[in-house]
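Spelled out from the first residue to the last, the chains are:
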Amino acid sequence: MKIIMLGAPGAGKGTQAKQIADKYGIPHISTGDIFRANIKNNTELGQKAKQYMDQGMLVPDELTCDLVMDRIGEKDCENGFVLDGFPRTIPQAEALDGALGKIGQKMDYAIDVDVPDDNIVGRMGGRRACLNCGATYHVVTIPTKVEGICDRCGSPVVLRDDDKPETVQKRLAVYHEQTQPLIDYYKGQGILKTVDGTQPMEAVFAAIVEILG
Ligand code: AMP
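Just so we're clear, the structure is a prediction, and the values are computed from it rather than from any experiment.

Draft legend 1. Structural view of the site of the ligand. Of all residues adjacent to the ligand, which total 16 residues, the nearest are Thr 31, Met 57, Gly 85, Gln 92 and Arg 171. With respect to the ligand, the side chain of Thr 31 contributes an N or O atom lying 2.7 Å from a nitrogen atom. Between the ligand and Met 57 there is a distance of 2.6 Å, counted from an oxygen atom to a backbone nitrogen or oxygen. Looking at the shell around the ligand element by element, the count peaks at four residues for helix α2 (residues 31–40).

Draft legend 2. Seen up close, the sheet that holds strand β7 (residues 157–158). The antiparallel open sheet is built from three strands, whose spatial order is β6-β5-β7. Across the chains shown, the open sheet's two edge strands, defined by having one partner strand only, are β6 (136–138) and β7. Two strands pair when backbone bridges link them, and strand β5 (residues 127–130) and β6 are joined in this way by three bridges, in the antiparallel orientation. In the strand pairing of β6, Ala 129 is matched with Thr 136.

Draft legend 3. Molecular detail of the state of the cysteines. According to the stated counting rule, one finds zero disulfides in the structure shown. Between Cys 65, a free cysteine, and Cys 77, which holds the nearest cysteine sulfur, the sulfur-to-sulfur gap is 16 Å. Considering cysteine sulfurs only, Cys 150 is the nearest to Cys 133, which forms no disulfide, with 3.7 Å between them.

Draft legend 4. Representation of the packing of helix α1 (residues 13–24) against helix α9 (residues 201–212) in the model. Put simply, α1 and α9 touch, their axes get as near as 10 Å, and they point 50° apart. Taken together, the axes of α1 and α9 are oblique relative to one another. Handedness of the crossing formed by α1 with α9: right-handed. When α1 is examined against α9, the residues Thr 15, Gln 16, Gln 19, Ile 20, Lys 23 and Tyr 24 are found in contact with a partner set consisting of Met 201, Val 204, Phe 205, Ile 208, Val 209 and Leu 212. Across the contact of α1 with α9, the residue classes break down as eight nonpolar, three polar and one charged.

Calculation rules
- Residues numbered from 1 in each chain as written.
- Predicted model: local features only at pLDDT ≥ 70, side-chain atom pairs only at ≥ 80, totals over all residues.
- Heavy atoms only, no water.
- Near = heavy atom within 4 Å.
- Polar contact = N/O pair within 3.5 Å; in protein donor to acceptor, adjacent residues only side chain to side chain.
- Helix = DSSP H or I, 4+ residues; strand = E, 2+ residues; numbered from the N terminus.
- Pairing = 2+ DSSP bridges.
- Disulfide = S-S within 2.5 Å.
- Axes fitted to C-alpha atoms, helices over the stretch in contact; angles between N-to-C directions.
- Parallel < 35°, antiparallel > 145°, perpendicular 65-115°, else oblique.
- Left-handed = near helix turned anticlockwise from the far one by under 90°.
- Contact = heavy atoms within 4.5 Å.
- Nonpolar A, V, L, I, M, F, W, Y, C, P; charged D, E, K, R; others polar.

The following block contains the structure:
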């Protein structure tokens, strides 16, 4: 099963993608996580990506596409994968279709986790992330057991630079301009499914499971 998660930043697609990966036993591939791991390890890719991410801009397609194509070619992706944060532009979607087409495959589902902008801005301020292990939390909806400390690895959790209000506005603008056109792209392919992302997390997941079966 090959799944794409669509939705604005902060719509909860990462949380849902992790749960889908667990339930269906497929890898969760988050380009944001890959970039953040590269930043943490101070790789050349990380240094380049950081300049864009800190400003709420997209990392250029040429730095993004190859790394995803390499990742989905790995053995653990044979039975499918869930893409979280990729594609984010029409050229990325075309690159993905092209790479899969070469091996006679195609994506099965594009799931849009739909949340209005007003809702997003409120949610993002409450987001907390562990920069050590990548776990994500929310002060209201997914709090850490001990305030400010990651449940998984014990490191401090922080408001990511790109979740700060001024960057969130920029990311939303970028989303509407560059990523939202993918909704029509996948509608045209007949694989778009929309779920109401304003519901509680469990209800969003139940709606997704209903779609995936
Ligand atoms: P995310 O964790 O998915 O919200 O991604 C965080 C940031 O990483 C985004 O705001 C972008 O700067 C960058 N990024 C992640 N995925 C992509 C992508 N597919 N194309 C371009 N930039 C991306």
